[in-house]
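# Chains, contacts and geometry: an overview
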Amino acid sequence: MNLFDPGQIVATPGALSAAEASGDSLLDYIQRHLSGDWGDIDEEDRYSNTYALERNLRLLSAYRLKDGTRIYIITEADRSSTCVLLPEEY
């Protein structure tokens with residue numbers, strides 16, 4: 001079940017390359033993000049996402065691909081778009 005509308009879903013070339021190299025499907029991580037599984041973030045960031053859901057603010061998730069590469073998924077406050085990217089692309 002999705003907790004929010006992701007808007008247009010996009011991914012950076014770096015995130016696409018990382019997923020291909022690791023054999024991961026970014027769709028699996030996007031679904032986790034949409035369902036409120038924020039991945040590898042601390043309790044403060046989890047609280048911030050809960051607050052953001054209630055007030056239509058930006059949402060951030062972080063995950064590790066099978067090979068250990070870290071990715072972020074960010075949904076804009078207006079829910080117009082969700083982007084998958086590498087931390088260095090942030």
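Now for a look at the structure at hand. None of these values were measured; they are calculated from a predicted model.

## Brief notes about the pattern of salt bridges
The final tally for this structure, using the stated rule, is three salt bridges. With a closest N to O distance of 2.8 Å, R32 and D37 form a salt bridge. Overall, R32 belongs to the partly exposed group, its relative accessible area being 31%. D37 gets classed as partly exposed once you look at its relative accessible area, which sits at 32%. Across the pair E54 and R55 runs a salt bridge, and its minimum N-O distance is 3.0 Å. Using a relative accessible area of 42% as the deciding quantity, one classes R55 as partly exposed.

So, how was this worked out
- The residue numbering used here restarts from 1 in each chain and proceeds along that chain's sequence as written.
- Restriction of local features to residues with pLDDT of at least 70 applies here, the model being predicted, together with a cutoff of 80 or more for giving and counting side-chain atom pairs; totals for whole chains, interfaces and linings are based on all residues.
- Note: side-chain values were computed over all heavy atoms of the structure, leaving out hydrogens and water.
- A side-chain nitrogen of Lys or Arg and a carboxyl oxygen of Asp or Glu constitute a salt bridge if their distance falls within 4 Å.
- Type-normalised accessible area, obtained with a 1.4 Å probe on protein chains alone, sets the label of each residue: buried when under 20%, exposed when over 50%, and partly exposed for intermediate values.

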